[in-house]
Amino acid sequence: MAERQKIVAGNWKMNKTFQEAQDLLFDIADQLDERGKGDVNVIVCPPALYAELATDLAAENDFAVGVQNINDHESGAYTGEISAPMLASMGVEYAIIGHSERREYYKEADEFLARKVRVALEHDIVPIFCCGEVLEQRDAGKQNEVVKEQLEKALFNLEKEDFGKLVIAYEPVWAIGTGRTATPEQAQEMHAYIRKLISEKYDEEVAESTSILYGGSCKPSNAKGLFSQKDIDGGLIGGASLKADDFVELIHSF
Ligand code: PEP
């Protein structure tokens, strides 16, 4: 079973040209060299096109590389897609699965995401599984119900040993890219609830060793309040991961 870790993961989404990506990666590497990263596991998730660039740099610097999506098949006639074995062969160690943008724009449902999770694990790629409610669900007080269903359908079919390898990211959809962050208390409440669900499904040891990240407009000005919560192990960062200064500052926000 993986150890519970402090994690800061950057989701670049569909941003940066090759030159810009190179500059940002070098900037992050330089700043990590200068400031260190303590006991934080730093993960950079650029567009998959730049995986080789990132894994080459990651090998010399102390960060890991993830991607933002993965196909649910190992190989074959799936034009335009990228598989887990391909990514693993490039040194990619993590894959974001079930991000709300993929759920919304590409209609990815939990049963489908369950297959992506399995194929990633089969190739030693750690899924960073995203869950979270939309605004109407929060306003209707249904957030726990929604997150429970996402976890049950996509993850709770895994054996305990496999579940123990995952990272979970709670990302309330109303807080992603909106500048509106969940309060530390709202986030802590959901993280504690997720841990309770894991404990009920598996056991206390698995629940306590699972890293659960918060995502949604997390930035240097609000990260300390979030990361100091008992059940928040770090962040999945969108906008603020596109600036090296902000991203590295977040690494120093525990
Ligand atoms: C994300 O997309 O995973 C995210 C958390 O974005 P942002 O930080 O920009 O809200």
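Each remark here, short or long, concerns the structure printed above.
What you are looking at is a predicted structure, and each value in this text was computed from that prediction instead of being measured.

1. Thoughts on the overall build of the protein chain
Alright, step 1. Of regular secondary structure, the protein chain possesses 12 helices and 8 strands.
Alright, step 2. What you see for the protein chain is a C-alpha radius of gyration of 17 Å, in line with the 18 Å of a compact globule of 254 residues.
Alright, step 3. Going through the 254 residues of the protein chain one by one, you find that 53% of them count as buried.
Alright, step 4. Carbon and sulfur atoms form 47% of the exposed surface of the protein chain, whose accessible area is close to 11500 Å².
Alright, step 5. Across the protein chain, the 26 positively charged side chains and the 45 negatively charged ones have centroids separated by 6 Å.

2. Focus on unusual backbone geometry
Alright, step 1. Despite not being glycine, lysine 107 has its phi angle at roughly 55°, a positive value.
Alright, step 2. Tracing the chain through its elements places lysine 107 in the loop between helix 4 (100-105) and helix 5 (110-122).
Alright, step 3. Using a relative accessible area of 66% as the deciding quantity, one classes lysine 107 as exposed.
Alright, step 4. For serine 217, which is not glycine, the phi torsion reads 55° and is therefore positive.
Alright, step 5. Residue placement: serine 217 occurs in the loop between strand 7 (211-214) and helix 11 (220-227).

3. Quick notes on the pattern of salt bridges
Alright, step 1. Tallying each qualifying case throughout the model produces 20 salt bridges.
Alright, step 2. A salt bridge links glutamate 101 to lysine 13; the shortest N-O distance between them is 2.7 Å. Of this pair, glutamate 101 sits in helix 4 while lysine 13 sits in the loop between strand 1 (6-11) and helix 1 (18-35), and the two are 88 residues apart along the sequence.
Alright, step 3. Exposure remark for glutamate 101: the relative accessible area of 26% places this residue in the partly exposed category.

4. As for the nonpolar core
Alright, step 1. Grouped together as the largest cluster of nonpolar side chains are 69 residues, with contacts concentrated most on Phe63, Leu151, Leu155, Phe163, Ile194 and Ile198.
Alright, step 2. Sequence-distant contacts of leucine 155, that is, excluding residues within four places in its chain, are made with Val117, Phe129, Gln150, Phe163, Leu166, Ile168 and Tyr202.

5. Thoughts on a negative patch on the surface
Alright, step 1. Together, Glu20, Asp23, Asp27, Asp30, Asp33, Glu34 and Asp245 make up a region of like negative charge exposed at the surface.
Alright, step 2. By residue number, the principal contributor to the negative patch is helix 1, which donates 6 residues.
Alright, step 3. Mapped onto the secondary structure, aspartate 27 falls in helix 1.

Quick notes on the rules
Residues numbered from 1 in each chain as written. Predicted model: local features only at pLDDT ≥ 70, side-chain atom pairs only at ≥ 80, totals over all residues. Heavy atoms only, no water. Helix = DSSP H or I, 4+ residues; strand = E, 2+ residues; numbered from the N terminus. Rg over C-alpha atoms; globule rule 2.2 N^0.38 Å. Buried < 20%, exposed > 50% of the residue type's maximum accessible area, 1.4 Å probe, protein only. Areas by Shrake-Rupley, 256 points an atom, 1.4 Å probe, with all protein chains shown as cover. Lys, Arg positive; Asp, Glu negative; His and termini not counted. Charge placed at Lys NZ, Arg CZ, Asp CG, Glu CD. Salt bridge = Lys/Arg side-chain N within 4 Å of Asp/Glu carboxyl O. Core = buried A, V, L, I, M, F, W, Y, C linked by side-chain atoms within 4.5 Å. Contact = heavy atoms within 4.5 Å. Patch = residues over 30% accessible without salt bridge, like charges linked within 9 Å, V, L, I, M, F, W, Y side chains within 5 Å.

No statement about biological role is implied by the geometric values presented.
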